[in-house]
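Structure at a glance
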Amino acid sequence: MAEKRPFDVLNAALNNNVLVKLKGDVEIRGTLASFDVHMNLVIDNGEELKNGELKRKLGTVLLRGDTVVFVSPA
Amino acid sequence: MAEKRPFDVLNAALNNNVLVKLKGDVEIRGTLASFDVHMNLVIDNGEELKNGELKRKLGTVLLRGDTVVFVSPA
Amino acid sequence: MAEKRPFDVLNAALNNNVLVKLKGDVEIRGTLASFDVHMNLVIDNGEELKNGELKRKLGTVLLRGDTVVFVSPA
Amino acid sequence: MAEKRPFDVLNAALNNNVLVKLKGDVEIRGTLASFDVHMNLVIDNGEELKNGELKRKLGTVLLRGDTVVFVSPA
Amino acid sequence: MAEKRPFDVLNAALNNNVLVKLKGDVEIRGTLASFDVHMNLVIDNGEELKNGELKRKLGTVLLRGDTVVFVSPA
Amino acid sequence: MAEKRPFDVLNAALNNNVLVKLKGDVEIRGTLASFDVHMNLVIDNGEELKNGELKRKLGTVLLRGDTVVFVSPA
Amino acid sequence: MAEKRPFDVLNAALNNNVLVKLKGDVEIRGTLASFDVHMNLVIDNGEELKNGELKRKLGTVLLRGDTVVFVSPA
């Protein structure tokens, strides 16, 4: 198993901007505020994107881990 | 792991308005009355939205956790 | 964790009318006769609805918990 | 938790006619011959329905529990 | 719980013809050679059907249990 | 339970050609190099097929078990 | 069970280019930086592809294991 672990990416991204792709073509962009072992994520200043366009501002949003496709630090 | 935990957002949102996005393009807006570790949620004065429009008033509604995409305090 | 728990809603709804939304745009309306921890539900005098219209009367029907989206007491 | 339990419906329906709705708009009608805790069901004299029309006669058929949406005694 | 159990149907069908419906409108017809508790199935002389028509001959094929919708002895 | 077990098919197919159908109408053809209890598979000289036509050559490819629909030795 | 194990492919691919196919027709190409037993993957210099075309550059990206269809070393 690799020394570096996938969740290290989340730890390093805390309080920084991330792009999160969810199942069903929804994307959320904002500041990663917290996460847990299920990959549940809290995003502050969250914006919902649809096809790359801003759909609406959500403020703080809790994303359920099992709907996450990927998380990419900005 | 982060000190702040994702479920803190639910705890802080109790008795306040939330927007919940469910799988299958359904959204519910209302007051968060209770939740559990499976992210089952009870919403009071719940309204079902479709494409951002009010579809119908549901009153109290129990949302099954595994259909939740995100929860955002209003 | 909240003092009130999501399943309290089911307990309070026993022998009363509920609307249940299932995955795949099916809805069932009727009297909640019983439930278990998996959210399996038994509905008496159940009616299947499609797009809000009565599709057929089912009488007693056992709904599998993992197809439930939400349950709303009438 | 309710005194009556959801699986009581299956027990009472043994050797009687049931309508089973499966995920993916398939329905099976026939005599409930056996079931287990996973809601795996055996139907005798089973008929597959599509949009309410008889599609074909299957005789005995084992239905996998996790594809079940609902079971309704006839 | 019923005395007869759903998996008895698989046991009785060993070395006999079965029709297996899988998720995603695929069907396999052939001789049931083996199965396990996950409902993984091995079919010998398997034929893949699409809309009831023979699509291709597969010979021996291992079907993953969680894609099974139903199994019907011929 | 059957004496022959479904995974025997994978064991017998090691280092031989297999056709693997995945969820979402993707198929992979190549040499089965290894597998585990989750039905994760490694295919060498893998080719991705779409509607029976060669889409691209992948070389070695690790297939995640829970996306497997069936595995058929060539 | 095979002596070679599926995860050996990931171990051998560390710090090398991989192509990852995800559910929902998304593909990610880049350098495999880490992985875990859930097949969560971290890709560095990640590029998102749609129908084989570059859609956007993501830099580092954490892919959730249960959305992975396959991983192929370049």
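A brief look at the structure comes next. (Residues numbered from 1 in each chain as written. Chains lettered and ligands numbered in written order. Predicted model: local features only at pLDDT ≥ 70, side-chain atom pairs only at ≥ 80, totals over all residues. Heavy atoms only, no water.)

Quick word on the side chain of Glu47 of chain G
Residues and elements named next belong to chain G. By the secondary structure assignment, Glu47 is in strand β3 (residues 41–50). Judged by its relative accessible area of 18%, Glu47 falls in the buried class. Beyond its immediate sequence surroundings of up to four residues, Glu47 is in contact with Glu27, Ile28, Arg29, Leu54, Arg56 and Lys57. (Helix = DSSP H or I, 4+ residues; strand = E, 2+ residues; numbered from the N terminus. Buried < 20%, exposed > 50% of the residue type's maximum accessible area, 1.4 Å probe, protein only. Contact = heavy atoms within 4.5 Å.)

Regarding the relation of the copies chain F and chain G
In the superposition of chain F on chain G (RMSD 0.0 Å, axial shift 0.0 Å), the rotation amounts to 51 degrees. The two copies present different faces, since only 4% of the interface residues in chain F are matched by interface residues at the equivalent positions in chain G. (Least-squares fit on C-alpha atoms with pLDDT ≥ 70 in both.)

With respect to the arrangement of the chains
No part of chain B reaches chain D; the closest C-alpha pair between them is 15 Å apart. Left apart from each other, chain C and chain F have a closest C-alpha approach of 18 Å.

Focus on the pattern of salt bridges
Tallied over the full model, the rule gives 63 salt bridges over all chains. Here Lys55 of chain A and Glu48 of chain A are joined by a salt bridge, their closest N and O atoms 3.4 Å apart. The class of Glu48 of chain A is buried, set by a relative accessible area of 1%. Here the salt bridges share partners, and the residues they tie into one network are Lys21 and Glu27 of chain A together with Glu48, Lys55 and Arg56 of chain G. (Salt bridge = Lys/Arg side-chain N within 4 Å of Asp/Glu carboxyl O.)

Examining the pairing of strand β2 (residues 26–35) of chain C
Residue and element names in this part refer to chain C. Most of β2 is tucked away, with 9 of its 10 residues classed as buried. Summarising the sheet, strand β1 (residues 17–22) and β2 pair through 6 bridges and their orientation is antiparallel. For Leu19, the partnering residue across the bridge sits in β2 and is Arg29. The turn joining β1 and β2, which pair antiparallel and follow one another in sequence, is formed by 3 residues; a positive phi near 85 degrees is taken by Gly24. One ladder, built from 7 bridges, connects β2 with strand β3 (residues 41–50); its direction is antiparallel. If you follow Leu32 over to β3, its bridge partner there is Ile43. (Pairing = 2+ DSSP bridges.)

Some points on helix α1 (residues 6–13) of chain E
All names here are of chain E. Among the residues of α1, Pro6, Phe7, Val9, Leu10 and Ala13 are the ones counted as buried. Buried residues of α1, seen end-on, are gathered within an arc of 140 degrees and therefore sit on one face of the element. Once α1 finishes, Asn15 follows within two positions and takes phi at roughly 70 degrees, a positive value. (Arc of directions from axis to C-beta.)

So, the relation of the copies chain G and chain A
When chain G is fitted to chain A, the best match, at an RMSD of 0.0 Å, comes from turning it 51 degrees and sliding it 0.0 Å along the axis. Taken as a fraction of all interface residues of chain G, those also at the interface in chain A reach only 4%, which identifies the copy contact as different-surface.

A short note on the interface of chain G and chain A
Chain G puts 24 residues into the contact, and the matching count from chain A is 22 residues. If you sort the residues of chain G by the area they bury against chain A, Arg56, Leu62 and Arg64 of chain G come out on top, with a joint share of 34%. Linking chain G with chain A are 2 salt bridges. For the pair chain G and chain A, the number of links is 7 residue pairs in polar contact (both at pLDDT 80 or more). Every element with two or more residues in the side of chain G that touches chain A is listed here: β2 (26–35), β3 and β4 (53–63) of chain G. Grouping the amino acids of the side of chain G that touches chain A by side-chain chemistry returns 12 nonpolar, 5 polar and 7 charged. (Buried area = accessible area lost by both parts, 1.4 Å probe. Polar contact = N/O pair within 3.5 Å; in protein donor to acceptor, adjacent residues only side chain to side chain. Nonpolar A, V, L, I, M, F, W, Y, C, P; charged D, E, K, R; others polar.)

What about the side chain of Glu27 of chain F?
Take Glu27 of chain F: it is sitting in strand β2 (residues 26–35). Here the side chain of Glu27 of chain F touches Lys21 of chain F through a polar contact of 3.4 Å, side chain to side chain. With residues up to four places along the chain from it excluded, the contact list for Glu27 of chain F reads Arg56 of chain E together with Leu19, Val20, Lys21, Glu47, Glu48 and Leu49 of chain F.

Digging into a positive patch on the surface
On the surface, Lys23 of chain A, Lys23 of chain B, Lys23 of chain C, Lys23 of chain D, Lys23 of chain E, Lys23 of chain F together with Lys23 of chain G cluster together to form a positively charged patch. Turning to its location among the elements, Lys23 of chain B is positioned in the loop between β1 (17–22) and β2 (26–35). Residue class for Lys23 of chain B comes out partly exposed when judged on its relative accessible area of 37%. (Patch = residues over 30% accessible without salt bridge, like charges linked within 9 Å, V, L, I, M, F, W, Y side chains within 5 Å. Areas by Shrake-Rupley, 256 points an atom, 1.4 Å probe, with all protein chains shown as cover. Lys, Arg positive; Asp, Glu negative; His and termini not counted. Charge placed at Lys NZ, Arg CZ, Asp CG, Glu CD.)

Looking at the environment of Val42 of chain B
Residue and element names in this part refer to chain B. Mapped onto the fold, Val42 is located in strand β3 (residues 41–50). Classification of Val42 by relative accessible area gives buried; the value is 4%. Residues Val42 and Val69, 27 residues apart in the sequence, show an inter-C-alpha distance of 15 Å.

Thoughts on unusual backbone geometry
Backbone geometry at Met39 of chain A places phi at a positive 70 degrees, although glycine is not the residue there. Accessibility expressed as a relative area gives 0% for Met39 of chain A, which makes it buried.

Some thoughts on the interface of chain F and chain G
Contact with chain F, which involves 24 residues of that partner, is made by 22 residues of chain G. Contact between chain F and chain G buries roughly 1,800 Å² in total, counting both sides, with carbon and sulfur atoms accounting for 64%. When residues of chain F are sorted by the area they lose upon contact with chain G, Arg56, Leu62 and Arg64 of chain F head the list and together hold 34% of the total. Viewed at the interface, chain G and chain F are joined by 2 salt bridges.

Concerning the packing of aromatic side chains
Residue and element names in this part refer to chain A. The tally for this structure, following the rule as stated, stands at 7 aromatic pairs over all chains. When the centroid spacing of 6.3 Å and the interplanar angle of 45 degrees are considered together, the rings of Phe7 and Phe35 count as tilted. One end of the pair, Phe7, is in helix α1 (residues 7–13); the other, Phe35, is in strand β2 (residues 26–35), and 28 residues separate them in sequence. Judged by its relative accessible area of 19%, Phe7 falls in the buried class. (Phe/Tyr/Trp six-rings, centres within 6.5 Å; stacked < 30°, edge-to-face > 60°.)

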